[in-house]
Structure formats: structure tokens, C-alpha cells
Amino acid sequence: VLMGALTTCLIQSSSATTVMTVGFVNAGLLTLRQALCVVLGANVGTTFTAWLVSAFALFKITNYALPTVGIGLLINLLGKTQRRKSLGEVMLGFGILFLGIHFMKEGFAPLQNNQEVNDALIWLGGNPLLAVLAGAVITMLLQSSSASIAIVQMLAFQGAFGTDWDLALRVAIPFILGDNIGTTITAQIAALRASRNAKRAAMGHTLFNTIGVVYMLPLVWTGWFGDAVEWITPFKLSQGTIMVHIAVSHSVFNIFNTIVFLPIIRGLEKIVMKILPVTSEELAYKPIALEKNLLNTPVIALDQTKHEILRMAETAKQAVQQSINGLVNDDRKELASVRQTEDFIAVSYTHLTLPTN
């Protein structure tokens, strides 16, 4: 969980962390349970972006955007080592992020005086289910929960949810919950052509975010969730602190959801296995521990090759046992299964090629 959170904080994208995790499951580097824990952490880590956006309201952070971009670019161009070049890229990326926040603020400014937009957003926020759906759709389209949450924060800051800041917070919260559901679509897309175990990791991500929203909605309806956010946040709710309160609500949801699911991760794993059970066709799946990207790390690649050879040997052993049972019991289905397994070994392994370099 901590690694998932830290990685997401550094790369500023829970979607990217989740897609990487699905890839590791597909390559056999992570088990399903380990992957689910990493993705739980990614949900916590993604709240860091909301806090960065909130800093914009408390401090004039955009004053440092262009200097950070300039310094980062110079370090990247003049750096003699890869470490210095990477440091320059990090500074450049954060500088552009701050600059983007400034542009978003300026872009949303006209909405402050647009009564139709205000009424529409307040109406959506007054219908939590519709607001959750809207938040999910926006995130699916943007492929980034960080971006959609930043948009909600900017809309609230510019008064698009109204200038009754207590109401504005309660209008924004369902959108934030919807963002957490929408962000799971990226992992689902990444798992479309991956192994069945990778599909299970993506399904687990969707399940705990969706279940979390479902049990949180009654608290949103009753207003208790908003009250808890105001109680936790040390600043008085106003235009200057509305983005901080939204960041707190995002953090509260993801941290609480992680605390709830971490002790019962095995139960979640079982639910996922019920939804996507092991099929007979999985006996003939392609090599799962071999991944071309691992060639960049030879030590891991060799270790995974060893795992795949052992797996191939185990599959061959099963084929021998199936053939004996088929002959002894005159079971044609068993013998057909042996042929499937033989084709799997012959085609999947003898045709594997490595890059010439």
C-alpha cells in the first residue's frame, strides 16, 4: 500500500500506477492479492494532486511556476548525469503543472457570473447519484482522476457551485466520489488483452472503489460526510479554503476506504475470483512470466525465465497424467485436453524469440 501511494505521489497519476500494476500481474511479478494492495495505495497517493491544487488557493504558487520550469529545463539540458537530468525533468514537470493550474483558474473565471452553469451544477450536486455519474463520466473521458478533481476544485473556487461555501462543499463531494469510480476504467482498458489474472486486478480496483462510493453515499445524503470534512479541516470554510476542504474530502474517502479493505483483502480477492473464476481454458494460456520490457533488467528477466521453465515442466507433467488417465479410463475428453496442452507447449514456447540485440 505504501509503495503504491509513494509511486502515485511521484508520477502524479493513479491510472499510470494501476496500469503498471496490471502489467506486473500479467508478467507474473505480482500476485493478485499483492496487486490489490498496491492499487489501494495508488488511491491514497492520487490525493496528493488535490493538495497541490489546494496550495494554489493558500499561496501564490503560480509565482514560482515559470522559474521552476526554467530551472528544471536548464538542469535537464546541462546535467551531466542521468540523475541530474531526471531531477530537471521533475522540476520541469511540476512547474508545468503549476502553470496549468493557473490557466485552469483563468479559464473557469467566467463561470463565476454564469447563473445557468451555477444552477446546473448545484442541481446535479443536489442529486448525489447524478453527480457521482457525472464525475465518473468526466474522469473516464479525461482518463485522469487528478485532472477531473482539479477541475471540480477550480469550479468551486470560482463560485460555480454558488457562493454559499457550505453548500458548495456538499455539491462538490459527490463529484469527487464519482471521480474515484471513473478512474478505474483505465485499468480495465489496460487489462482488455492481458491475462485473466490481470483482468482480476483491474476488477478488484473497480470493486473496492465502487463499493466504497456505495457505502459513503448515505453519509453524503445525510450531510454527515460534509460535517466530518469541516470538523477535520483546521481552516474555516470560505472561498480561500474551499479547495482545501475538497482535497480533505478526497483524502478522507480514499484513506478510509483503504483502512476498511486492507484487513479484508483476502475476502475481496475471493469475490474477484467468483466474478472471474479459473476456467479450463486457462490451462492453455500463453506464458505469463515472460515480458519483453523485463529485458531491460536482465536479473529479473532471468529469474522470470526460470519461473516459466518450471511452469512449463509442471504443465508437461499434468499432460502426462492426463494422457494416462485418458487411456486407462478411455476418456476422449481427457485425451482432447492433452492435445490442447501439447499444442500450448509446442506453439507458446518453441516460437518464442528474443530481440537480436
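Residues numbered from 1 in each chain as written. Predicted model: local features only at pLDDT ≥ 70, side-chain atom pairs only at ≥ 80, totals over all residues. Heavy atoms only, no water.

This next bit is on the overall build of the chain. When helices and strands are tallied, the chain shows 17 helices and zero strands. Taken across its 357 residues, the chain has 44% of its residues classed as buried. A separation threshold of at least 6 residues defines the contact pool for the chain, and within that pool the share at least 24 residues apart is 74%. Carbon and sulfur atoms make up 67% of the accessible area of the chain, which amounts to about 18900 Å² in all. (Helix = DSSP H or I, 4+ residues; strand = E, 2+ residues; numbered from the N terminus. Buried < 20%, exposed > 50% of the residue type's maximum accessible area, 1.4 Å probe, protein only. Contact = heavy atoms within 4.5 Å. Areas by Shrake-Rupley, 256 points an atom, 1.4 Å probe, with all protein chains shown as cover.)

As a further point, take helix α15 (residues 265-275). Looking at α15, one finds that the buried residues are I265, L268, E269 and V272. Along α15, the residues classed as buried sweep out an arc of 105° about the axis, all on the same side. Turned more than 90 degrees away from the buried face of α15 sit R266, K270 and K274, all of them exposed. Considering only its buried residues, α15 is in contact with α3 (32-45), α12 (196-222) and α14 (242-261). (Arc of directions from axis to C-beta.)

Next up on the list: the nonpolar core. One broad rule of soluble globular proteins: the nonpolar side chains tend to lie buried together. In this structure, F161, L177, I242 and I246 are the most contacted members of the largest nonpolar core, which totals 39 residues. Only α4 (47-58), α8 (128-142), α9 (145-157), α10 (165-182), α12, α13 (224-232) and α14 provide two or more residues apiece to this core. Per-element tally for this core: the top contributor is α10, with ten residues. Discounting residues that sit within four places of it in the chain, I246 has contacts with V152, Q153, A156, L169, A172 and I176. (Core = buried A, V, L, I, M, F, W, Y, C linked by side-chain atoms within 4.5 Å.)

A separate point is the packing of aromatic side chains. Evaluation of the coordinates by the stated rule reveals three aromatic pairs. The interplanar angle of 20° and the centroid separation of 5.8 Å between the aromatic rings of F161 and F175 together place this pair among those described as stacked. In this pair, F161 sits in the loop between α9 and α10 while F175 sits in helix α10, placing the two residues 14 residues apart along the sequence. Their ring planes at 50° and their centres at 5.9 Å tell us that F208 and F261 sit as a pair that is tilted. With a gap of 53 residues between them, F208 in helix α12 and F261 in helix α14 connect regions that are remote in the sequence. Taking the relative accessible area as the measure of exposure, F208 reaches 0% and is therefore buried. For F261, a relative accessible area of 6% translates into the label buried. (Phe/Tyr/Trp six-rings, centres within 6.5 Å; stacked < 30°, edge-to-face > 60°.)

With that out of the way, let us pick up the pattern of salt bridges. A full pass over the atoms with the stated rule returns five salt bridges. Here R33 makes a salt bridge to E269, at a shortest N to O gap of 3.0 Å. You can see R33 sitting in helix α3 and its partner E269 sitting in helix α15, a full 236 residues away along the chain. What makes E269 buried here is its relative accessible area of 16%. Ionic pairing is found between K306 and D303, a salt bridge with its closest N-O pair at 3.8 Å. Of this pair, K306 and D303 both sit in helix α16 (residues 298-329), three residues apart, roughly one helical turn. Take K306: its relative accessible area is 48%, and that puts it in the partly exposed class. (Salt bridge = Lys/Arg side-chain N within 4 Å of Asp/Glu carboxyl O.)

Our next topic: the packing of α3 against α12. A pair of packed helices can be characterised by two numbers: the angle between their axes and the separation between those axes. The interhelical angle for the contact between α3 and α12, taken along N-to-C directions, is 40°, at an axis separation of 9 Å. The angle between α3 and α12 places the two elements in the oblique class. The element α3 and its partner α12 pack so that their crossing is right-handed. Every residue of α12 that contacts α3 at L32, A35, L36, V39, L40 and N43 is listed here: N197, R200, A201, G204, H205, F208 and N209. (Axes fitted to C-alpha atoms, helices over the stretch in contact; angles between N-to-C directions. Parallel < 35°, antiparallel > 145°, perpendicular 65-115°, else oblique. Left-handed = near helix turned anticlockwise from the far one by under 90°.)

With that settled, the discussion passes to the packing of α12 against α15. Close contact between α12 and α15 brings their axes to 10 Å; oriented N to C, the two are set at 120°. The handedness of the crossing between α12 and α15 is right-handed. Here α12 contributes R200, M203, G204, L207 and F208 to the contact with α15, which in turn contributes L268, I271, V272, M273 and I275. Of the residues that constitute the contact of α12 with α15, the class distribution is eight nonpolar, one polar and one charged. (Nonpolar A, V, L, I, M, F, W, Y, C, P; charged D, E, K, R; others polar.)

Further remarks concern the environment of G95. Position of G95 relative to the elements: it lies in helix α6 (residues 82-108). Taking the C-alpha atoms as reference, G95 lies 5.0 Å from T68; in sequence the two are 27 residues apart.

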